[in-house]
Amino acid sequence: MRFSSLCGAKGQSINGLVAEVDTQKLFLCTNTLNRAAASVTLALSIVFFISGFAKLFGVPMFHAPFTLMNLPTGFGYVIGLMEVIGALGLCLRDYRVLSASGLLAIMMGAIYFHFNYEMPMNALPALSLSAGLFLIIKLDETIERLVRFQRQLALSRSAF
């Protein structure tokens, strides 16, 4: 997605940069995306944190899928630990994309379970969590580009 379409910047593009940019609008756009990313990240962190701890504490409802798939008992505990670590990683800016990718792999396993061992309709929570993780990855990438663009804009304006 281009910056001009994202934040409504107008003007001619020079080497991928927009010549005329309303800096206040760009700042507001970046802040809004930051808040959206923080909200989605916090919500998903809480969900994965609770789910991971439930698996770590051996709640039978959370270990039933592993039993149905004939996986070892310890596998549920490993997945629970990975979910807790992933939830903590989502809260850390430097590890957000890595954690979201790891949790996305876990969600692919959950989707596989629901489609093959239960009714496909039961996969909706896992599918929605996967969509949220994709959103976190994309928002993080977009915010990083906006911040980089703001820095380049500030440097180019200070040169004049």
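Labelled according to an unreviewed UniProt entry, the chain appears under the name DoxX family protein, originating from Shewanella morhuae. What the UniProt record of the chain gives under Subcellular location (unreviewed entry) is the line "Membrane".

### Looking at the nonpolar core
If you look at the biggest cluster of nonpolar residues, it comprises 18 residues, and the most contacted ones within it are L44, F48, L90, L103, M107 and L133. At the level of elements, α2 (23–56), α4 (73–91), α5 (96–117) and α6 (124–159) are the ones that each hand at least two residues to this core. If you tally residues by element for this core, the top one is α5, at 7 residues. Among residues more than four places away in sequence, those in contact with F48 are E83, V84, A87, L103, M107, L129 and L133. Grouped together as the second largest cluster of nonpolar side chains are 9 residues, L139, I143, L146 and F149 included.

### What about the packing of aromatic side chains?
A full pass over the atoms with the stated rule returns 5 aromatic pairs. Measuring from ring centre to ring centre gives 5.8 Å for F66 and F75, while their planes differ by 70°; the resulting arrangement is edge-to-face. We classify F66 as buried; its relative accessible area is 10%. Judged by centre distance (6.4 Å) and plane angle (75°), the ring pair of Y112 and Y117 falls under edge-to-face. Judged by its relative accessible area of 46%, Y112 is partly exposed. Classification of Y117 as partly exposed rests on a relative accessible area of 40%. Put simply, the rings of F49, F53 and F57 pair up and form one aromatic cluster.

What counts, and at which threshold
Residues numbered from 1 in each chain as written. Predicted model: local features only at pLDDT ≥ 70, side-chain atom pairs only at ≥ 80, totals over all residues. Heavy atoms only, no water. UniProt positions renumbered as here; feature names shortened; annotations may be inferred. Core = buried A, V, L, I, M, F, W, Y, C linked by side-chain atoms within 4.5 Å. Buried < 20%, exposed > 50% of the residue type's maximum accessible area, 1.4 Å probe, protein only. Helix = DSSP H or I, 4+ residues; strand = E, 2+ residues; numbered from the N terminus. Contact = heavy atoms within 4.5 Å. Phe/Tyr/Trp six-rings, centres within 6.5 Å; stacked < 30°, edge-to-face > 60°.

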